[in-house]
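Structural overview for review
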Amino acid sequence: MASSTRRTSATCWCARWPGSPSICRPMRMPDMAEGEVSGNAPALEARGLHKRYGAVHALRGIDLAVWRGEMFALLGPNGAGKTTLFSIFATLLKPSEGTAQVLGFDSVRERVAVRQRMGIVFQEPALEGKLSVRDNLHLMGLFYGLSSRAAKTRSAELLVTLGLEDVAAREAQKLSGGQKRRVELARALVATPEVLFLDEATLGLDVDARRLFWAEVRHYVSAGGTVFLTTHYMDEAEPADRIALIDHGQIIALGSPQELKNRVGGGVLLLATDDDAQAAAWLREHGHHPEISARGVLLVASEPAAVLPEVLAHLPVRTRRAEVHEPSLEDVFLKLTGRALEDGNGKPAPRAQGGQP
Ligand SMILES: Nc1ncnc2c1ncn2[C@@H]1O[C@H](COP(=O)(O)OP(=O)(O)OP(=O)(O)O)[C@@H](O)[C@H]1O
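What counts, and where the lines are drawn
The residue numbering used here restarts from 1 in each chain and proceeds along that chain's sequence as written. Since the coordinates come from a predicted model, pLDDT governs what is reported: local features require at least 70, and pairs of side-chain atoms require 80 or more to be given and counted, while whole-chain, interface and lining totals use all residues. Side-chain metrics rest on all non-hydrogen atoms present in the structure, leaving aside hydrogens and water. UniProt positions are given in the numbering used here, feature names are shortened, and annotations may be inferred rather than shown by experiment. DSSP-based pairing: two strands are paired if at least 2 bridges between them are found. Helix numbering and strand numbering both begin at the N terminus, where a helix is a DSSP run of H or I of at least 4 residues and a strand a DSSP run of E of at least 2. Interaxial angles span 0 to 180 degrees and are taken between N-to-C directions of axes, which are lines fitted to C-alpha atoms, for helices over the stretch in contact. By convention in these notes, a salt bridge is any Lys or Arg side-chain nitrogen within 4 Å of a carboxyl oxygen on Asp or Glu. Working definition: with a 1.4 Å probe on protein chains only, accessible area under 20% of the residue-type maximum means buried, over 50% means exposed, and in between means partly exposed. Residues are labelled near a given molecule or strand when at least one of their non-hydrogen atoms is within 4 Å of it. For the purposes of these results, a polar contact is taken to be a pair of N or O atoms within 3.5 Å, where, inside protein, one atom must be able to donate a hydrogen and its partner to accept one; residues adjacent in sequence count only when each atom of the pair is a side-chain atom. The Shrake-Rupley method, run with a 1.4 Å probe sphere, supplies the accessible areas, and residue values consider only the shown protein chains as cover. Residues were grouped as follows: Ala, Val, Leu, Ile, Met, Phe, Trp, Tyr, Cys and Pro as nonpolar; Asp, Glu, Lys and Arg as charged; and all remaining residues, including Gly, as polar. Roughly parallel refers to an angle under 35 degrees, roughly antiparallel to one over 145, roughly perpendicular to one between 65 and 115, and oblique to any angle outside these ranges. In this scheme the crossing of two helices becomes right-handed for a clockwise turn of the near helix relative to the far one and left-handed for an anticlockwise turn of less than a right angle. Contacts are assigned to residue pairs with any non-hydrogen atoms lying within 4.5 Å of each other. Any pair of Phe, Tyr and Trp rings, taking the six-membered ring for Trp, is counted once the centres come within 6.5 Å. Such a pair is stacked with planes under 30 degrees apart, edge-to-face with planes over 60 apart, and tilted for the rest.

Looking at an unreviewed UniProt entry, the protein carries the name ABC transporter domain-containing protein, with the source organism given as Metallibacterium scheffleri. Check the Sequence similarities (unreviewed entry) section of the UniProt entry for the protein; it says "Belongs to the ABC transporter superfamily."

Take a look at the structure:
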């Protein structure tokens, strides 16, 4: 670690924090001691948050509370404001109006206190590529004020739980993408943070890596940690305790996955036809309220299976596929906005390839 330690002042992880008073000083470990807010207070709280980037009004009045011990997901299409809200909570960005608090600390005025108590996994890699995996973890522990011995012990634990023992001595830059993500998570957990921020943290992970990653996140939550995550994967938002659907800088729905789905009511009939526009027009003429999405024509009905025979018998275009399913989060978004929860390229919101949380 001698050479690693020498590198810290130049390549310190906290250099990622813009305008930061140094976080690289001995810190109080998150032992929930004196002066902490009560157990009933939210872990994260936003009040009247607005963010403007010049003419772009990215957040338009966000009021939100995330409870301690909760796994909370922020789900929305590209450009909805997810990263902006995430970054304000994570002290990386200042709001234009309103306040954001983390564990009772203001994310602007008391950002060092916030940073001492949080772990974060960025979308972009943040590892020290030339250091070994073990040294990356050890170093992070030292940054957070752990003794060398405690940092080593904690690193060793995380190497086991995240399945990284075999690569512990390897330079971080020589890992696969999935292994790097797991090391990022291990680094974020090394000082046992009270809040874990995950920004699209599993982008690019393979199935096994994703599974290991979420298993460790679940373990963290079951031990009382709070997780605030953004994701493009509906499947990854689904196991969250609560989900906020965000669109055009506003939270348009908030609740448990089941509560959100209950808003759709009934079920969904999905038709893939040779001409979805014509199919939708016919359905409208016959008293239905279809929506066209990248998946096909969607029809929300109290009993979609009962509607299906009539539709199949009379629809004036060929139906290639028809299915009835329980509402998904994508259906919720469609019902609320009339638009599909698509990515910026107009493709349907992706589903994780297995290994969901
Ligand atoms: N630095 C910036 N300058 C100007 N506009 C910005 C900046 N950062 C974000 N925006 C705009 O603010 C809006 C919200 O962006 P944000 O990145 O928060 O959305 P997002 O939901 O995270 O999108 P994505 O899923 O694509 O990451 C978008 O219209 C975006 O173009």
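**Some remarks on the sheet that holds strand E12 (residues 291–293)**
With respect to topology, four strands assemble into an open sheet ordered E12-E13-E11-E14, the strand pairing being antiparallel. Strands with a single pairing partner mark the edges of an open sheet, and in this sheet they are E12 and strand E14 (319–325). The average angle at which neighbouring strand axes cross in this sheet is 25 degrees, direction not considered. Bridging between E12 and strand E13 (residues 296–301) involves three bridges; their strand directions are antiparallel. Among the inter-strand pairings, Ser 293 is bridged to a residue of E13, identified as Gly 296.

**A look at the pattern of salt bridges**
In total, this model carries 13 salt bridges according to the counting rule given. One salt bridge connects Glu 70 with Arg 242, and the closest N-O pair in it is separated by 2.5 Å. Of the two residues, Glu 70 sits in the loop between strand E2 (56–66) and strand E3 (71–75) while Arg 242 sits in strand E9 (residues 242–247), which places them 172 residues apart along the sequence. Assessed through its relative accessible area of 17%, Arg 242 is described here as buried. Across the salt bridge formed by Arg 181 and Glu 184, the nearest N and O atoms sit 3.6 Å from each other. Of this pair, Arg 181 and Glu 184 both sit in helix H6 (residues 177–189), three residues apart, which is roughly one turn of that helix. It is possible to trace a salt-bridge network through shared partners that takes in Asp 274, Arg 318 and Arg 320.

**Some points on the site of the ligand**
Around the ligand, the neighbouring residues are Tyr 53, Val 56, Ala 58, Pro 77, Asn 78, Gly 79, Ala 80, Gly 81, Lys 82, Thr 83, Thr 84 and His 232. Within the contact set of the ligand, an oxygen atom lies 2.9 Å away from a backbone nitrogen or oxygen of Gly 81. Here an oxygen atom of the ligand and a side-chain polar atom of Thr 84 are 2.5 Å apart. Considering the ligand on its own, with 630 Å² of exposed area, one finds that the protein chains cover 60% of that surface. Elements with a minimum of two residues in the shell around the ligand: E2 and helix H2 (82–89). Among the residues making up the shell around the ligand, the classes are represented as five nonpolar, six polar and one charged.

**Things to note about the packing of helix H9 (residues 257–264) against helix H12 (residues 329–337)**
When two helices pack together, their arrangement is given by the angle between their axes and by how far apart the axes lie. One can describe the packing of H9 onto H12 by two numbers: an axis separation of 9 Å at closest approach and a directional angle of 50 degrees. In terms of orientation, H9 and H12 fall into the oblique class. Of the two elements, H9 crosses H12, and the hand of that crossing is left-handed. Side by side, H9 and H12 meet where Pro 257, Leu 260, Lys 261, Arg 263 and Val 264 of the first sit next to Leu 329, Asp 331, Val 332, Lys 335 and Leu 336 of the second. When its residues are assigned to classes, the contact of H9 with H12 shows six nonpolar, no polar and four charged.

**Focus: the packing of aromatic side chains**
Scanning the entire structure with this criterion turns up six aromatic pairs. Taking the centre distance of 6.3 Å and the plane angle of 25 degrees together, the rings of Phe 86 and Phe 228 count as stacked. Highlighted residues: Phe 86 in helix H2 and Phe 228 in strand E8 (residues 226–231), separated in sequence by 142 residues. Side by side, Phe 86 and Phe 228 carry an identical accessibility label, which is buried. Aromatic pair Phe 89 and Phe 228: ring centres 5.3 Å apart, planes at 70 degrees, arrangement edge-to-face. Taken as a pair, Phe 89 in helix H2 and Phe 228 in strand E8 lie far apart in primary sequence, 139 residues in all. One exposure class covers both Phe 89 and Phe 228, and it is buried. Every member of this aromatic cluster is reached through a ring pair, and the members are Phe 72, Phe 86, Phe 89, Phe 197 and Phe 228.

**Some thoughts on the pairing of E13**
Taken across its six residues, E13 has five buried, putting it largely inside the fold. Pairing analysis gives five bridges linking strand E11 (residues 267–273) to E13, with the strands arranged antiparallel. Bridge assignment links Gly 267 to a residue of E13, and that residue is Ala 301. In sequence, E12 turns back onto E13 through a hairpin of two residues.

**Some details on the packing of helix H4 (residues 133–143) against H6**
Two elements in contact, H4 and H6, have axes whose closest approach is 8 Å; the angle formed by their N-to-C orientations is 25 degrees. Taken as axis vectors, H4 and H6 run roughly parallel relative to one another. The way H4 lies across H6 gives a crossing that is right-handed. Across the interface between the two elements, Val 133, Asn 136, Leu 137 and Met 140 of H4 pack against Val 183, Ala 186 and Arg 187 of H6.

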